[in-house]
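# Coordinate inspection notes
Here are the chains, one letter per residue:
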Amino acid sequence: MATESPEQFDQVDWNDLSRSGRFDLSINSIGMLVTALPLALLGVYDWRFVGDRTATFEFVGLDRTLETVDFLFIFTLLLAFWYLVLPLYQNPRRTRYYWKEFKRNRPAVVSLGWLGIVFVGGIVGPLVMNAPQQELLIAYQPPVFTSVVDTTPATCVGEVINGRCHGTWQHPLGTTNAGRDVFTMIVYGMTISMQIAFITTTIVATVGITFGTLSAYAGGWVDEIMMRFTDIILSFPTFLMFLLILYIYGAGLGMFIVVFSLFAWGGTARYVRSKSLSISEEEFIKSSRISGASTYQVIRGHVVPNVASSIITQLTLLIPGFLLYEAQLAFLGIGDSTVPSWGQLIAAGRSDLSFAPWIVLAPGIVLFLTILAFNFLGDALLDALNPEAEAENA
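Residues numbered from 1 in each chain as written. Predicted model: local features only at pLDDT ≥ 70, side-chain atom pairs only at ≥ 80, totals over all residues. Heavy atoms only, no water.

Turning our eyes to something else, we now look at the state of the cysteines. Applying the stated criterion across every chain, the model contains one disulfide. With a sulfur-sulfur separation of 2.0 Å, cysteine 156 is cross-linked through a disulfide to cysteine 165. Judged by the sign of its S-S torsion, about 90°, the bond between cysteine 156 and cysteine 165 is right-handed. For the pair shown, cysteine 156 and cysteine 165 are each scored as buried. (Disulfide = S-S within 2.5 Å. Buried < 20%, exposed > 50% of the residue type's maximum accessible area, 1.4 Å probe, protein only.)

Moving on: the side chain of serine 193. Tracing the backbone through its elements, the reader meets serine 193 in helix H6 (residues 182–218). Residue classification places serine 193 among the buried positions, given a relative accessible area of 6%. Once residues lying within four places of it in the same chain are set aside, the contact partners of serine 193 are Leu323 and Trp342. (Helix = DSSP H or I, 4+ residues; strand = E, 2+ residues; numbered from the N terminus. Contact = heavy atoms within 4.5 Å.)

Turning to the UniProt feature "transmembrane region" (unreviewed entry) in the protein chain, a few remarks are in order. In the numbering used here, UniProt assigns the "transmembrane region" (unreviewed entry) feature to residues 25–45, 71–89, 109–129, 192–217, 315–335 and 355–377. The span residues 71–89 is 100% helix and 0% strand, and its two end C-alpha atoms sit 26 Å from each other. Secondary structure content for residues 192–217 is 100% helix and 0% strand, and the end C-alpha separation is 37 Å. (UniProt positions renumbered as here; feature names shortened; annotations may be inferred.)

In this section: helix H3 (residues 68–90). With 23 residues, H3 ought to run about 33 Å at 1.5 Å a step, and its terminal C-alpha atoms sit 32 Å apart, in line with that. Where H3 bends most, at phenylalanine 81, the angle is about 35°. For H3, the full list of buried residues reads Val69, Asp70, Phe71, Phe73, Thr76, Leu78, Ala80, Trp82 and Leu86. Looking at the buried positions of H3, the neighbouring elements they touch are helix H2 (27–48), helix H5 (106–128), H6 and helix H9 (253–262). (Expected span 1.5 Å × (residues − 1). Bend = angle between axes of the 7 residues up to and from the residue.)

To continue, consider the nonpolar core. Counting 69 residues, the largest nonpolar core has Ile186, Ile196, Leu253 and Phe256 as the members making the most contacts within it. Here the element with the most residues in this core is helix H14 (residues 358–385); it accounts for 14 residues. When residues of this core are assigned to domains, at least three fall in each of domain 1 (66–96 + 105–132 + 181–393) and domain 2 (136–180). The contacts of isoleucine 196, once residues within four sequence positions are left out, are Thr201, Leu253, Phe256, Ile257, Phe322, Leu323 and Glu326. Of all hydrophobic cores here, the second largest spans nine residues; its members include Leu42, Leu78, Trp82 and Leu86. (Core = buried A, V, L, I, M, F, W, Y, C linked by side-chain atoms within 4.5 Å. Domains from an automatic or database assignment.)

Applying the stated criterion to the full structure yields 16 aromatic pairs. Look at phenylalanine 81 and tryptophan 82: their rings are 5.0 Å apart centre to centre, the planes differ by 80°, and that puts the pair in the edge-to-face class. Exposure remark for phenylalanine 81: the relative accessible area of 39% places this residue in the partly exposed category. Overall, the relative accessible area of 15% leaves tryptophan 82 in the buried class. Ring plane angle 65° and centroid distance 5.2 Å describe the contact between tyrosine 140 and phenylalanine 355, whose orientation is recorded as edge-to-face. Of this pair, tyrosine 140 sits in the loop between H5 and strand E1 (147–149) while phenylalanine 355 sits in the loop between helix H13 (342–348) and H14, placing them 215 residues apart in sequence. Connected via pairs of aromatic rings, a cluster forms that spans Phe242, Phe256, Phe260 and Tyr325. Stacked on the ring of tryptophan 47, the Lys or Arg arginine 48 has its end atom at 5.3 Å from the ring centre. Sitting over the ring of phenylalanine 331, arginine 350 keeps its end group 5.0 Å from the ring centre. (Phe/Tyr/Trp six-rings, centres within 6.5 Å; stacked < 30°, edge-to-face > 60°. Lys NZ or Arg CZ within 6 Å of the ring centre and 35° of its normal.)

Turning to the layout of surface pockets, a few remarks are in order. Roughly 1200 Å³ of volume is contained in the second largest pocket. Lining the second largest pocket are 37 residues, and of these Asp70, Tyr188, Thr191, Ile192 and Pro340 lie nearest its centre. The set of elements that each furnish at least two residues to the lining of the second largest pocket consists of H3, H5, H6, H9 and H13. Sort the elements by how many residues they give to the lining of the second largest pocket and H3 lands first, with six residues. Considering only residue class, the lining of the second largest pocket consists of 20 nonpolar, twelve polar and five charged. (1 Å grid on protein atoms, 1.4 Å probe; cavity = no way out; pocket = protein on both sides within 12 Å on 5 of 7 lines; lining within 4 Å. Points joined across faces, edges and corners; volume = space filled by probe spheres on them. Nonpolar A, V, L, I, M, F, W, Y, C, P; charged D, E, K, R; others polar.)

Taken as a whole and judged by the stated rule, the model has five salt bridges. Note that arginine 228 and glutamate 224 form a salt bridge whose closest N and O atoms lie 2.5 Å from each other. With a gap of four residues between them, arginine 228 and glutamate 224 both fall in helix H7 (residues 220–235), about one helical turn apart. One network of salt bridges, with partners in common, ties together Glu224, Arg228, Asp231 and Arg270. (Salt bridge = Lys/Arg side-chain N within 4 Å of Asp/Glu carboxyl O.)

Within this structure's numbering, the places UniProt gives as "domain: ABC transmembrane type-1" (unreviewed entry) are residues 190–378. Across residues 190–378, helical content stands at 81% and strand content at 0%; the span's end C-alpha atoms are separated by 19 Å.

This paragraph deals with unusual backbone geometry. One non-glycine residue, phenylalanine 145, lies in positive phi territory at about 75°. Looking at the secondary structure, you find phenylalanine 145 in the loop between H5 and E1. Even without being a glycine, asparagine 162 presents a positive backbone phi close to 55°. Here asparagine 162 shows up in the loop between strand E2 (160–161) and strand E3 (164–166).

The next subject is the side chain of serine 261. With respect to the helices and strands, serine 261 occurs in helix H9. Taking relative accessible area as the criterion, serine 261 reaches 0% and is therefore assigned buried. Of note is the side chain of serine 261, whose polar atom sits 3.2 Å from the backbone oxygen of valine 258. (Polar contact = N/O pair within 3.5 Å; in protein donor to acceptor, adjacent residues only side chain to side chain.)

Here you go:
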């Protein structure tokens with residue numbers, strides 16, 4: 001029985017693909033739309049029908065309130081699942097290759113485990129733990145296995161032996177000067193850190209990839225104008241801009257994320273532009289153009305997929321900077337004091353270092369390990385996803 005021969009590359013009808021395939025949705029895109037639609041409806045309901053003092057889920061009997069940052073965080077989690085996690089499952093052979101290359105870097109494997117703990121803690125922790133409350137009577141409780149002079153805390157929760165108050169598992173990392181449990185604040189700080197990481201990288205990736213790709217393929221005076229605008233963004237004093245907005249609108253985590261991410265995409269745009277220009281000179285790009293592929297099809301089908309691996313590593317290395325920015329602003333007293341971030345916890349204990357160092361040390365160590373883990377992870381991803389870069393550095 002005769003069989004049809006497979007269609008050759010130079011026989012592809014690009015005009016037909018342009019008419020029928022431009023808006024075809026993959027299973028990933030369909031899943032993203034199906035899961036994002038209820039989130040969008042819930043956001044509209046919360047915005048239009050729920051009062052400021054009413055919980056978002058009060059209609060089902062839950063005392064849970066979602067802020068704008070929470071909606072954005074959930075949306076970015078959906079994006080990460082449908083366009084990062086699920087493709088790994090859909091391409092097991094490629095995933096095995098990436099994992100084989102990635103696990104050669106032992107510090108990166110340990111870092112991935114630590115970031116997994118931070119991620120799970122940030123997602124699950126607030127669901128099973130009550131928010132840290134102010135209890136002045138139990139302020140300055142020492143961590144477990146340590147002790148302080150019994151006159152340091154107003155009331156010692158643990159045992160008092162030989163004039164020293166000993167820590168207890170009720171407060172494994174001690175309490176702050178306001179009596180808030182340090183461990184609980186660190187867990188809630190994991191949520192803040194993950195929100196900063198996911199939302200900022202999503203904004204930076206969206207703006208940077210779009211701007212860089214359009215600049216590379218527009219060329220001429222359009223490319224020149226777009227790159228000069230990028231130079232302005234890169235040279236703009238983001239800190240002063242944040243202070244100005246803070247003075248006008250007040251401090252807030254959402255404001256921090258928006259300001260710093262909108263002024264951090266310049267490097268990504270330049271990187272994407274340079275990669276796009278280099279890839280555009282490859283033979284398979286020229287073949288696609290000769291065969292009739294439009295600019296849109298070339299960018300979507302060839303340029304973005306080939307640039308994506310390098311972008312992922314660069315975005316991973318941007319996250320530590322954002323976490324440090326938040327901690328620095330909080331330490332200076334500029335951030336939102338109502339947000340239980342690691343930076344706010346460090347700032348709360350800076351005046352008590354002489355007799356209650358755990359208030360600063362515990363979140364400081366967690367912040368240090370998280371930033372170090374992201375750096376190790378970024379280096380390992382660069383080697384696993386972009387082996388050409390490893391060869392160039394060798």
